[in-house]
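Below, each chain spelled out in residue letters.
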Amino acid sequence: MSFYRELENHVHEQLSRRNFLSRTSLGLGAAAVASLLNADSWGRAPEAPGAAEEAAMPLGAPHFAPKAKRIIYLFQSGAPSQLELFDYKPKLAEMWGQDLPESVRKGQRLTGMTAGQSSFPLAASNFNFSRYGASDMMISELLPFTSGIVDEVTFIRSMYTEAINHDPAVTFFQTGSEQGGRPSWGSWVSYGLGSDNRNMPSFVVLLSKGRGGDQPLYAKLWSNGFLPSVHQGVVFRSGPDPVFYLNNPDGVDKAGRRRMLDALAKLQQAQFEKILDPEINYRMEQYEMAYRMQTAVPETMNISDEPDYIFDLYGEEARKPGTFAANCLLARKLVEKDVKFVQLYHQGWDQHGNLPRDIQTMARSVDQASAALIRDLKQRGLLDETLVVWGGEFGRGAYSQGKLTKENYGRDHHPKSFTIWMAGAGVKKGFVLGETDEFGYNIVKDPVHVHDFQATVMHLLGINHEQLVFKHQGRRFRLTDVHGKVVNEILS
Amino acid sequence: MILTSLLQLSDWALFIGRMHPLLVHLPIGFLFIALFLEIAQRFGKVAVTEQTKSFVLLCAAIGATLSCVVGYLLASEGGYDEEALSQHQWQGIGVAVFAWLAWLVTSVRLPEKTGWLSLLYFPAFGLSVLLMFFAGHLGGTLTHGDGYLTQYTPNPIRTLVGMPPREESESGGEIKPLANVSEAVVYTDVVQPILATKCVQCHGSSKQKGDLRLDGFEHLKKGGENGPVFVAGKGAESGLVKVCLLPVEDDQHMPPKGKPQLTTAQIGLISWWIDQGAPTDKKVQELEKNPEIAAHLEALGTGGAGTTAGGPQAKPGVDLSKITVGEPDKNDVAALRKLNLIVSPVSKDQHIMEVSAINAPAFSDGDMPLLQKLSDQIVWLKIGGTEVTDKALSDVARLKHLNKLYLDRTAITDNGIDHLNTLPNLEYLNLIGTKVSDASVKKLADLKALRSVYLWQSAVSDSGIVQLRRLRPDLHVIGGLSAREVQDFLSAGKKDSLGTRTKAE
């Protein structure tokens, strides 16, 4: 209690009355901004003096008319092997068991898991590839359903990143920095574009696991960082209580909850006038959002009305809450509700050993549902303005980690090349960008850095990645830091 | 002579040579003074002594001689049209020779002043002045290119002196917009006009700096004294592109500092043309282009109906960034928001907006007039799942910039579709789950701007969809997945034989 009194006194000492009034009006302006909606100039009250900085922030409107209104990001956590799925390298079969030439690796930094290996025997994919679609893309037999949607998809075979381990690499993809603490991608999008549905958060996270015992995920990946907390990703879990503490506890009815929120708002407002912390307003906005979500979320999460053929399409697993297939179906339902950023994480792709066995499990858990999602979005008229992204945090190396046999091998992390795909709004259909060398080790054509990829997706969403900035601790931050170039080649 | 040959070997020669355009104005000035003095004296305006005249002519003669020497050094640099240069040289020498002669007559004290020698004065002086005009003009032509002086001659004067009327294409530095960009020949219509306006002045028929001519493909191919200026297929590695990209302070940068520079778009287009193998006969639509290049190309057009840079396969859509509308009235926006409609800007710097009824399922025909207040601004309208009927579509028809329209899961029927043909920008139409039937197929095909139409769960039959696709091959007609398509999708996935193969390997 004494802390608050101290803070209060401090605030009052610091501010002259005049200053106080203008700060308060700015604060109220900020309260309007805090709303996920109506953040444009048409609805805002006349700007208070000194609010220029606030007003300069690009809130609630794209920089230019967007191609994509929404994104579903099917993040494959653990890093799927591009050599078994998308990047066909017959040379590896030819040189099976021979050492990776030093001229290829060029002293590339390896993880502690293989750096000590005495040899780096090249391992070929145990799975066959065939050509599909107009782009003649080579796809592995591990992904028979994905092979069927090639003509809707742009593959980038020349992705590269800087991080070599999972946590920094996923964090880099999702926040633009290898260290945690920055706002996540979805928060940036929510901050930049606002929400298209006042009853739903604009950034929703869905989690699933293809296998147990793989790399963990952390809440920092959907944290708002230093952005206002209304932009935080909301995790929807499977089961009767999809959002923690959203439902009223036993004995509290809707009217009671309303009265409680109204009383709380008065208290918060009083506190805000003393402390002037805009986070108080953001918090209230979140309470109100949660109140509206109490009806909207159960409606959206209810998949019992879906016809049987939809479950045929996504696979029987889609009936089982918490699976990747069920989450894909939910993702579709969320974008039907105009949720801006639907972030799926699917864990289990970290195949250091027993790769041939485990990658089959993983491929089966995602292949059908990923392809079904594209087909389903298309028939609903949603693929035209929804961008779907599929990919992991890095790739996997050309040589075997551990003992190489005809039946079994493993692959270590490989940041220098990997494949991701995108489909839907604003990207080319049936297109392949980039090429790696014959070992699938180095990129030889059209490299795409993580920041380039981020800049491109932001561009599709109508955001100039260089202009979406937030001033924090004395400098302006953005998702792409000081990097990133829009990859024009893949835009339709 | 020894001096000049020595000078030729050094930068000094070039340094002094470049003073020629400066120096030539000395004899011109002195000759003019002499001329004016002569005329004024005739009319008794001034009293001029022979000594004064003689001194002015001496100055003119010395200046002309120096100009000749320095001009010779400049010529040794090369890059000029041989014939014009030789003419200019002899005319210049003539100016000097006759100026000396005129001076000689006025200054040399001869026994009989009215003797035959003094008869030479006027012809010598007159020739010197006359040759000065010719040499001066030709010198200008050598520096600035042919036709520089008369380029902007207005048409009335042209008729008087018998010059052909001025053509628009000569309108110096300006490139004429193309009527039909996709049909334009890349080299002739895109690349050559850029070179003609920015390069040919120094690299053309009258001047060939660095032995390079850029006024025809055969010259371009030949290159200059430093070899070829482009490598077909490699725009970025081609000298032609590289010199333009150097910092303007760099000595190698072209066009030289102070001259009109190529725009980024122009450099991009030349580079793109070289990337594509530098063809001379290919049309814009025959070459591959990225969106940036497509945009540059589009900018070359007149903006008319024929300006489709994307080629037949990529029909460019409605460019929302081109729509300019006034700011909406805040009260009108607020009135919509009161209905729980979501009104959001589509682009920060324009006033176009999206209106969505996702939180307003009770939205109905009676609310439609409120949208009319924003009929300029609304480009995307999402009223799927609401109470609207066909009646609402007569109001929708007045949203003149409407680009996307969602009517899914509403009571819309074939009658409503009639109203949509007034919307020139309508590209996306969602009719999922409506009563729209085969009777609308023809009407939908007539919506010219339409790019995709969604008919899943509508009353349009499979044969109606086939018919629509036939009427409009460019239109994406999406009818939803039939039971058969679902089966096909599933059987494609059943090729999966992995369970058995890992062991077998």
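This one's a predicted model, so the numbers in the text were calculated from it and none came from an experiment.

### Quick notes on the overall build of chain A
Logical step 1: Check the secondary structure of chain A and you find 15 helices and 17 strands.
Logical step 2: In chain A, the proportion of contacts linking residues at least 24 apart, taken out of those at least 6 apart, comes to 77%.

### Thoughts on the packing of helix α10 (residues 254–275) of chain A against helix α11 (residues 278–301) of chain A
Residues and elements named next belong to chain A.
Logical step 1: Two elements in contact, α10 and α11, have axes whose closest approach is 9 Å; the angle formed by their N-to-C orientations is 170°. By the angle between their directions, the pair α10 and α11 is classed as roughly antiparallel. Contact residues: α10 offers R257, L261, L264, A265, Q268, Q271, F272 and I275, while α11 offers I280, N281, M284, Y287, E288 and Y291.

### With respect to the interface of chain A and chain B
Logical step 1: Residue-level contacts link 42 residues of chain A with 39 residues of chain B.
Logical step 2: Sorting the residues of the side of chain A that touches chain B by element identifies α7 (144–147), α12 (308–314) and α14 (355–379) of chain A as the ones contributing at least two each.
Logical step 3: Broken down by element, the side of chain A that touches chain B gets its largest block of residues, six residues, from α14 of chain A.
Logical step 4: Within the side of chain A that touches chain B, the residues separate by chemical class into 14 nonpolar, 14 polar and 14 charged.

### Details of the UniProt feature "transmembrane region" (unreviewed entry) in chain B
Residues and elements named next belong to chain B.
Logical step 1: The positions that UniProt labels "transmembrane region" (unreviewed entry) are, in the present scheme, residues 22–43, 55–75, 90–108 and 120–140.
Logical step 2: Regarding residues 90–108, the helix share stands at 95% and the strand share at 0%, and the terminal C-alpha atoms are separated by 26 Å.
Logical step 3: When the span residues 120–140 is considered, its composition is 95% helix and 0% strand, and the gap between its end C-alpha atoms is 30 Å.

### Quick notes on helix α15 (residues 450–460) of chain A
All names here are of chain A.
Logical step 1: Within α15, eleven of the eleven residues are buried, which leaves the element mostly enclosed by the surrounding structure.
Logical step 2: Within α15, burial applies to V450, H451, D452, F453, Q454, A455, T456, V457, M458, H459 and L460.
Logical step 3: Count one or two residues on from α15 and you reach G462, which has phi positive near 85°.

### Quick word on unusual backbone geometry
Logical step 1: For the bond running from M254 of chain B to P255 of chain B, omega is -15°, close enough to zero to count as cis.
Logical step 2: With a phi close to 55°, D136 of chain A is a non-glycine residue in the positive phi region.
Logical step 3: Tracing the sequence through the fold places D136 of chain A in the loop between β2 (129–132) and β3 (137–140).
Logical step 4: Of note in the backbone geometry, N354 of chain A takes a positive phi value of approximately 50° without being a glycine.
Logical step 5: Along the polypeptide, N354 of chain A turns up in the loop between β7 (341–347) and α14.
Logical step 6: A count of 12 C-beta atoms within 10 Å places N354 of chain A in the exposed class.

### Concerning the environment of I358 of chain B
Logical step 1: Residue placement: I358 of chain B occurs in the loop between β2 (353–356) and α15 (368–372).
Logical step 2: On the neighbour-count criterion, I358 of chain B (23 C-beta atoms within 10 Å) is buried.
Logical step 3: Separated by 28 residues in the primary sequence, I358 of chain B and T386 of chain B place their C-alpha atoms 8.5 Å from one another.
Logical step 4: Other than its neighbours up to four places away in sequence, I358 of chain B contacts D196, N197, K337 and D338 of chain A together with I342 and K382 of chain B.

### Comments concerning the packing of helix α5 (residues 50–76) of chain B against helix α6 (residues 82–107) of chain B
For any two helices packed against each other, one specifies the inter-axial angle together with the distance between the axes.
Residue and element names in this part refer to chain B.
Logical step 1: Remark: α5 packs on α6, axes separated minimally by 8 Å, with the N-to-C direction vectors making an angle of 155°. The pairing of α5 with α6 is recorded here as roughly antiparallel in orientation. As α5 packs across α6, the resulting crossing turns out to be left-handed.
Logical step 2: By residue class, the composition of the contact of α5 with α6 is 15 nonpolar, eight polar and two charged.

### A short note on the pairing of strand β11 (residues 418–424) of chain A
Residue and element names in this part refer to chain A.
Logical step 1: In terms of burial, β11 is largely enclosed, as seven of its seven residues are buried.
Logical step 2: Bridge count between strand β4 (residues 153–160) and β11: five bridges; the pairing is antiparallel. The residue of β11 that forms the bridge with M159 is F418.
Logical step 3: Taken together, the four bridges between strand β8 (residues 386–391) and β11 define a ladder with antiparallel strand orientation. Among the inter-strand pairings, W390 is bridged to a residue of β11, identified as W421.

Each value, and the rule that gives it
- Residues numbered from 1 in each chain as written.
- Chains lettered and ligands numbered in written order.
- Predicted model: local features only at pLDDT ≥ 70, side-chain atom pairs only at ≥ 80, totals over all residues.
- Helix = DSSP H or I, 4+ residues; strand = E, 2+ residues; numbered from the N terminus.
- Contact = placed C-beta atoms within 7 Å.
- Axes fitted to C-alpha atoms, helices over the stretch in contact; angles between N-to-C directions.
- Parallel < 35°, antiparallel > 145°, perpendicular 65-115°, else oblique.
- Nonpolar A, V, L, I, M, F, W, Y, C, P; charged D, E, K, R; others polar.
- UniProt positions renumbered as here; feature names shortened; annotations may be inferred.
- Buried ≥ 20, exposed ≤ 12 C-beta atoms within 10 Å, placed from the backbone.
- Left-handed = near helix turned anticlockwise from the far one by under 90°.
- Pairing = 2+ DSSP bridges.

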